Amino acid sequence: MLFAAAVCFLGETLSQDSVPPSKVAFSRLHSTLFAVPLMLFLARASLWYSHSGRVNFHPIDLLIYEGKVQHTAWLSQASASNSFFTASRKYKQRYHQPPPPNFNKWYEYASSRSAVVTDDFDNVYDDLLPFWSLSPSEIRRYTWDILSQSNNGVGGISIRDGKVDVLPGTPGTHRWMLDGAIRIIENFVEWLPDMDLALNLNDEPRVAVPYRDIEKMRRKGRQPRLVGANKITKFSDNRAGGWAPVTEEQFPDTNFEMLSFQRTFYEYGSVGCPPSSPARRQRLWDTSQLCMTCTYPHSLGQFVSNWTLSGDVCHQPDLADLHGLYLSPAAFQGSHKLFPIFSQSKAGGFNDIRFPSPWNYMDKVAYAPNEVYPDPSFRDKKVSLFWRGVTSEGVSPGTGVWKGMSRQRLVHLASNPTAPQHVLLPVSEGAKQFAYTPVAPSELKKLLSTDVHFVDPIVRCGGRDCADQAAEFGFGDKVDFQEHWGYKFLFDADGAGFSGRFLPFLQSRSLPFKSALFREWWEGRLTPWLHFVPVDLRMHGLWSTLAYFAGVDGLVGGRKVKWEPKGREAEMIAEEGREWAGKVLRKEDMEIYFFRLLLEWGRLTDDRRDELGMYIP
Ligand SMILES: *[C@@H]1O[C@H](CO)[C@@H](O)[C@H](O)[C@H]1NC(C)=O
C-alpha cells in the first residue's frame, strides 16, 4: 500500500514480472519525456513560428529584454521611500492597514543599513494574510500545541524582555538552525514584543490548508484594518502571560500527519488549488510524455517566461511525478490546519511562513574564492555546465521513484541523454532563423560540454534503488565548493527544500541556472533572465538554453551548425545577479526582512491587534 501510487508511476515497468533492467525503463521514460514534440510547440506557440516551423528570433533574446523591463518596474514600486514618513504612507497604501508598532525602529534599522527594498514586503504580507482569520489567542495556542509535542520536527524560540532564546524540547541535531535564527533576531530583539515562534526543522514544507478554507481565511485577512478610535502604538504589556509555557515535558502525540516516503501531491501539494484546476482534476498516467498544457502557461517555447507562475502548481498536474517532495519526501509531517510554522522555503500551495535561511546567514556554504580556487573573469572560465550533488531530494526505497526526481532527471539528461534532444538552433550558418532541431546524444556531447554528476554515495535509497542509481549515473569527483567558480554555467537544482548554494552562485562571476519548486523569502527580488537563468522543472529546455549561452560549432545530423555564444548576455546576467545580490540579498537584508516579519507577527499575536499600529498623520 505504501508505494501503491509509485507503482502506477512505473506501472509499465513493474506490471511485468520480468522487470527489465532499470536502465532500460529509465531510458524509455526519459527519451520520450525530454523529446519535445515540435508539432505541439508549433500548434500552441504559433505566434512565434512561421509555417516552416522556424522562429525569426531567439526567444531568450526577448526574455532577456523583458527581464530588464520587469525589473525596472518592480524596483520602482519596491524602493520608492526615502523617509519614514513616505515608507509609512506607502505601507498603508499597499497593505490597507497602519504599519505595526516599532515600524519607525524598523525603518531606522533598514535605512541605516542602506536597504534598497523599503516598500515591497509582499511575501510577508501574503504569508501572514490567512492568519488574520485566527484570533491572537488561537495563534498562541496553536504555537504551544506544536511546540509541546516531541515528534513534530519543530523547534521553538522564545522572545522575552528583549532577549531571545531556544525553548526546551528541541532536538540537538537541528540546533544550528535555531542558533542561526537567534543570531539574526539578536540584532533587533529589543524592539520585539514577547512571543514564541515555532520553526520547521525539516527541509520540506508543512502546512497546506484546502482551497475553500484558505480562500475564506484570506478573504477575512483582506478586510481593511484601521486603527480604532483609541490608537495604540505600543504592543500590549504582559504579553508573556499569553504564551503557555513550553517545558521539557513533551507530549508524544502529534498534530501532523506523517507521510515520509509517500506520495504527497494529491493530499498536500495541490489541496490549495481551486477544485476546477488541472492539479485537482487531472491525474496523468502517462509520465513518458511532456505535458504541454502544464508548461504552456508559464513558457515561451521551451523557456520559462513567467517564473512566478511556474511556481504555481495548480496548472501543473504532472509535477506529481516529477519531484522528490511529491514522489517520496524524506521527512514529511504535514497538516491541513493553519498551524503557524516558520519555514526556510515552501512549494506553491503551502502556507508556511517563510523566513531567511539561517543556513545562508551562518555561511554554512559560502562564496569564498581563494588562491587555489579563484573566481576568474567570465571569459576565463571553462565553457561548461557544472553541477555536483547528492540524491537527497527524496527517498527512493526500492520502488524506482528516483526516476522521476528532478536531480536524477537533471543528471541523466545532462550527462547521459539516451534520446535525441530538441535543441533550438539556427537553421543554417549565419541565418537569423531558428528551429527546434533533434540532436542525437552522441552529437550533443560533442556540441556542448557538461560536467553534471552525483558524488559518491547514493543516499536516501533502499533495496535495488541504491545499486540501480549507482549503475545508471556513476559518480563524479568530489569537489571543493570553491571549485565551482572555474565554470561559466552553474546549475542549482532543488533538493528537499531551500537552496543552500544559490546565494553563493549569485555572488560569483559565474552564471547560475536554476530550476526550483521551492520559493524562499527573496522571491520577487530577483528577476529571471536578468539575475539568473530559469530552467523549467521538466528540464526540456536545458540543452537549448545552454546552446544559446555557450554557442555551438559542430555537426547536427551531418549538417554543420554554428552559433556564436551569447557571451555578452551571459556575462551581463552573471554580473547583474552578482551586483544585485550584493544589494538586496546581504545578511543585512535577511535581518531587515526578518525584523519586519516579526513586528508583523508581534501585532498578529497581540490581543489588541485591531487597534494597534503606528499612527500616521
Ligand atoms: C506571471 O503570471 C502571474 C500570474 O498569472 C501574473 O500575475 C504576472 O503578471 C505574470 N508576470 C509576467 C511578468 O508576465
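About the criteria used
- Residues numbered from 1 in each chain as written.
- Predicted model: local features only at pLDDT ≥ 70, side-chain atom pairs only at ≥ 80, totals over all residues.
- Heavy atoms only, no water.
- Domains from an automatic or database assignment.
- Contact = heavy atoms within 4.5 Å.
- Buried area = accessible area lost by both parts, 1.4 Å probe.
- Salt bridge = Lys/Arg side-chain N within 4 Å of Asp/Glu carboxyl O.
- Polar contact = N/O pair within 3.5 Å; in protein donor to acceptor, adjacent residues only side chain to side chain.
- Helix = DSSP H or I, 4+ residues; strand = E, 2+ residues; numbered from the N terminus.
- Nonpolar A, V, L, I, M, F, W, Y, C, P; charged D, E, K, R; others polar.
- Buried < 20%, exposed > 50% of the residue type's maximum accessible area, 1.4 Å probe, protein only.
- Pairing = 2+ DSSP bridges.
- Lys, Arg positive; Asp, Glu negative; His and termini not counted.
- Disulfide = S-S within 2.5 Å.
- Axes fitted to C-alpha atoms, helices over the stretch in contact; angles between N-to-C directions.
- Parallel < 35°, antiparallel > 145°, perpendicular 65-115°, else oblique.
- Left-handed = near helix turned anticlockwise from the far one by under 90°.
- UniProt positions renumbered as here; feature names shortened; annotations may be inferred.
- Near = heavy atom within 4 Å.
- Areas by Shrake-Rupley, 256 points an atom, 1.4 Å probe, with all protein chains shown as cover.

### A closer look at the domain arrangement of the protein chain
- Domain parsing of the protein chain yields domain 1 (2-78), domain 2 (93-243 + 335-355 + 590-611) and domain 3 (370-589).
- Between the C-alpha centres of domain 2 and domain 3 the distance comes to 35 Å.
- Counting residues at the interface gives 21 residues for domain 2, matched by 20 residues for domain 3.
- Roughly 1700 Å² of surface becomes buried between domain 2 and domain 3 when both sides are summed, with 56% attributable to carbon and sulfur atoms.
- Run the count over domain 2 and domain 3 and you get zero salt bridges.
- Where domain 2 packs against domain 3, one counts 15 residue pairs in polar contact (both at pLDDT 80 or more).
- Looking at the side of domain 2 that touches domain 3, the elements with two or more residues in it are β9 (346-347) and α24 (587-604).
- Residue composition of the side of domain 2 that touches domain 3, grouped by class: ten nonpolar, five polar and six charged.

### Quick look at the pattern of salt bridges
- Under the defined criterion, the tally for this structure stands at 30 salt bridges.
- Glutamate 523 serves as the salt-bridge partner of arginine 519, at 3.4 Å between the closest nitrogen and oxygen. Comparing arginine 519 with glutamate 523, the two get one shared label, buried.
- Among the salt bridges present, the one from lysine 566 reaches glutamate 569, with a minimum N-O distance of 3.9 Å.
- Owing to a relative accessible area of 18%, lysine 566 belongs among the buried residues under this scheme.
- Linked by salt bridges that have partners in common, Asp553, Lys560, Lys562 and Glu564 make up one network.

### Structural notes on the sheet that holds strand β16 (residues 511-515)
- One open sheet holds the five strands; their spatial order is β14-β11-β15-β16-β18, and the pairing between them is parallel. For this open sheet the edge positions go to β14 (450-454) and β18 (533-534), each flanked by a neighbour on one side alone.
- Taken together, the three bridges between strand β11 (residues 382-389) and strand β15 (residues 487-493) define a ladder with parallel strand orientation. Paired with phenylalanine 386 across the strands is leucine 490, a residue of β15.

### Topic: the side chain of arginine 407
- Of note, arginine 407 is situated in helix α18 (residues 406-415).
- There is no salt bridge for the buried arginine 407, and the closest opposite charge comes from glutamate 393, which lies 4.9 Å off by N-O distance.
- When residues no more than four places from it in sequence are discounted, the contact partners of arginine 407 are Trp387, Val390, Ser392, Glu393, Phe454, Ala493, Asp494, Gly495 and Arg501.

### Considerations on the state of the cysteines
- All told, the structure shown has three disulfides when counted by the stated rule.
- At a sulfur-sulfur separation of 2.0 Å, the disulfide partner of cysteine 291 is cysteine 294. Measuring handedness by torsion sign, the sulfur bridge of cysteine 291 and cysteine 294 sits at about 75° and is right-handed.
- With relative accessibility at 11%, the residue cysteine 291 sits in the buried group.
- According to the relative accessible area criterion, cysteine 294 is buried, its value standing at 0%.
- Ordinal numbering of bonded cysteines along the protein chain defines a disulfide pattern of 1-4, 2-3, 5-6.

### Some words on the packing of helix α6 (residues 84-95) against helix α7 (residues 103-112)
- α7 packs onto α6 with a crossing angle of 120° between their chain directions and a minimal axis gap of 10 Å. Considered as vectors, α6 and α7 are oriented oblique to each other. In this structure, the crossing between α6 and α7 has a hand that is right-handed. Contacts between α6 and α7 involve Phe84, Ala87, Ser88 and Tyr91 on the former and, on the latter, Phe103, Asn104 and Tyr107.

### Considerations on the environment of phenylalanine 473
- Note on placement: phenylalanine 473 falls in helix α20 (residues 464-473).
- Owing to a relative accessible area of 10%, phenylalanine 473 belongs among the buried residues under this scheme.
- Each C-alpha atom of the pair phenylalanine 473 and asparagine 416 lies 8.0 Å from the other, and the pair is 57 residues apart in sequence.
- Residues in contact with phenylalanine 473, not counting those within four places in the same chain, are Trp402, Gln408, Val411, His412 and Phe454.

### Focus: the environment of glycine 476
- With respect to the secondary-structure elements, glycine 476 resides in the loop between α20 and β15.
- The sequence separation of glycine 476 and tryptophan 387 amounts to 89 residues, and the corresponding C-alpha distance is 9.5 Å.
- Dropping the residues within four chain positions of it, glycine 476 is found in contact with Arg388, His453, Phe454 and Val455.

### Here we look at the UniProt feature "domain: Glycosyl transferase CAP10" (unreviewed entry) in the protein chain
- Under the UniProt annotation, "domain: Glycosyl transferase CAP10" (unreviewed entry) lies at residues 315-608.
- Between the first and last C-alpha atoms of residues 315-608 the distance is 40 Å; the span itself is 29% helix and 20% strand.

### Topic: the pairing of strand β20 (residues 559-563)
- When strand β19 (residues 552-556) meets β20, the two strands line up antiparallel, connected through five bridges. Along β20, the bridge assignment pairs valine 552 with tryptophan 563.

### Concerning the site of the ligand
- Neighbouring residues of the ligand: Gln70, Asn306 and Leu309.
- The protein chains hide 36% of the 360 Å² of surface that the ligand would expose on its own.

### Describing unusual backbone geometry
- In this chain, aspartate 456 is followed by proline 457 through a cis amide linkage whose omega measures -5°.
- By secondary structure assignment, the location of proline 457 is in the loop between β14 and α20.
- Positive phi, normally seen in glycine, also occurs at aspartate 363, with a value near 55°.
- Within the element layout of this structure, aspartate 363 appears in the loop between α17 (358-361) and β11.
- Backbone geometry at arginine 460 places phi at a positive 50°, although glycine is not the residue there.
- Note on placement: arginine 460 falls in the loop between β14 and α20.

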